[in-house]
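Breakdown of the fold
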Amino acid sequence: QPKNKKTNPARPRPTLDELVLKFILSVMLYAPELIEEYEEKISMFDLNNQKLKGILDIIFEESHQNEKLSTDLLFQKLEQAGYEREIHNLWELEMLRQQKLRPDKLRNEIDAKITEIQLNQLESEIKDCLRIMQSSESFSEEVYKRYETLKNEKNLLLNNHRII
């Protein structure tokens, strides 16, 4: 068994699925009052699509500068920044407008999507620990503690968020 193999790597940041990111962006454009609530949660994810990340950065910047942020003002700022095509291609935004969903329903949708991504990440990390523990004749206590911590995080997440 290789002793120099790193068994406790730095916790990888989960990647926010592009479809989930588009949904969240659409919600923020549709209901700007939810922006502040989700800024920190979204910052814990890696965002691979740089255009969508740019839109998100502008949305967060505007929310910091304007207390009375509106959908129209956000559209204006995003169009000025050259994102007109991207925001007009968000079919999710049109869907939200047609369904006229309330912010509490949107909040539940975002929470469920974020929880699903977090659970998938934890599952992946738990499987890595199990693989190490099952393939080694002896594994470090560190790996076992990590495994237990990940299982506890997963259970806590499941208990705190009702998955539909």
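This one's a predicted model, so the numbers in the text were calculated from it and none came from an experiment.

Reading the values: rules and limits
- Residues numbered from 1 in each chain as written.
- Predicted model: local features only at pLDDT ≥ 70, side-chain atom pairs only at ≥ 80, totals over all residues.
- Heavy atoms only, no water.
- Phe/Tyr/Trp six-rings, centres within 6.5 Å; stacked < 30°, edge-to-face > 60°.
- Helix = DSSP H or I, 4+ residues; strand = E, 2+ residues; numbered from the N terminus.
- Buried < 20%, exposed > 50% of the residue type's maximum accessible area, 1.4 Å probe, protein only.
- Lys NZ or Arg CZ within 6 Å of the ring centre and 35° of its normal.
- Axes fitted to C-alpha atoms, helices over the stretch in contact; angles between N-to-C directions.
- Parallel < 35°, antiparallel > 145°, perpendicular 65-115°, else oblique.
- Contact = heavy atoms within 4.5 Å.
- Nonpolar A, V, L, I, M, F, W, Y, C, P; charged D, E, K, R; others polar.
- Lys, Arg positive; Asp, Glu negative; His and termini not counted.
- Salt bridge = Lys/Arg side-chain N within 4 Å of Asp/Glu carboxyl O.
- Polar contact = N/O pair within 3.5 Å; in protein donor to acceptor, adjacent residues only side chain to side chain.
- pLDDT = per-residue confidence, 0-100.
- Core = buried A, V, L, I, M, F, W, Y, C linked by side-chain atoms within 4.5 Å.

Looking now at the packing of aromatic side chains. Within a pair of aromatic rings, the relevant descriptors are the distance that separates the centres and the angle that separates the planes. Within the structure shown, the criterion is met by one aromatic pair. Aromatic pair Tyr144 and Tyr147: ring centres 6.4 Å apart, planes at 40°, arrangement tilted. Of this pair, Tyr144 and Tyr147 both sit in helix H8 (residues 141–160), separated by three residues, roughly a single helical turn. By relative accessible area, which is 40% here, Tyr144 ends up partly exposed. Directly above the ring of Phe23 sits Lys113, whose terminal nitrogen or CZ lies 5.0 Å from the centroid.

This part is about the packing of helix H2 (residues 35–43) against helix H7 (residues 103–135). Where H2 meets H7, the closest approach of the two axes is 12 Å, and the angle between their N-to-C directions is 5°. Here H2 is positioned roughly parallel relative to H7, judged by the angle of their axes. Residues Glu37, Tyr38 and Lys41 of H2 form the contact with H7, whose participating residues are Arg107, Ile110, Asp111 and Ile114. Grouping the constituent residues of the contact of H2 with H7 by class yields three nonpolar, no polar and four charged.

In this section: the side chain of Glu92. Structurally, Glu92 can be placed in helix H6 (residues 91–99). The side chain of Glu92 sits in the buried core without any salt bridge; Lys22 is the nearest counter-charge, 5.5 Å away. At 3.3 Å, the side chain of Glu92 forms a polar contact with the side chain of Trp91. If sequence neighbours within four positions are ignored, Glu92 has contacts with Leu19, Lys22, Phe23 and Ser26.

On to the confidence of the model for the protein chain, then. Here the protein chain averages 80 in pLDDT, and 88% of its residues register 70 or above. Averaged over each element, pLDDT in the protein chain is lowest for H6 (81) and highest for helix H4 (residues 71–80) (90). Counting interchain partners and residues more than four positions distant, the pLDDT-below-50 stretch residues 1–9 has 11 contacts.

For soluble globular proteins, nonpolar side chains are generally found buried alongside one another. If you look at the biggest cluster of nonpolar residues, it comprises 34 residues, and the most contacted ones within it are Met28, Leu29, Ile55, Leu56, Ile59 and Leu78. Listed by contribution, the elements that provide at least two residues to this core are helix H1 (18–30), H2, helix H3 (50–65), H4, H6 and H7. A per-element tally of this core places H1 first, with eight residues. The residues touching Met28, leaving out its near neighbours within four places in the chain, are Ile35, Tyr38, Ile42, Leu56, Ile59, Phe60 and Leu74.

Next up on the list: the environment of Ser26. Mapped onto the elements, Ser26 comes out in helix H1. Considering only alpha carbons, one finds Ser26 and Leu90, 64 residues apart in sequence, at a separation of 6.8 Å. Contact partners of Ser26, with chain neighbours within four places excluded, come to Leu90, Glu92, Leu93 and Leu96.

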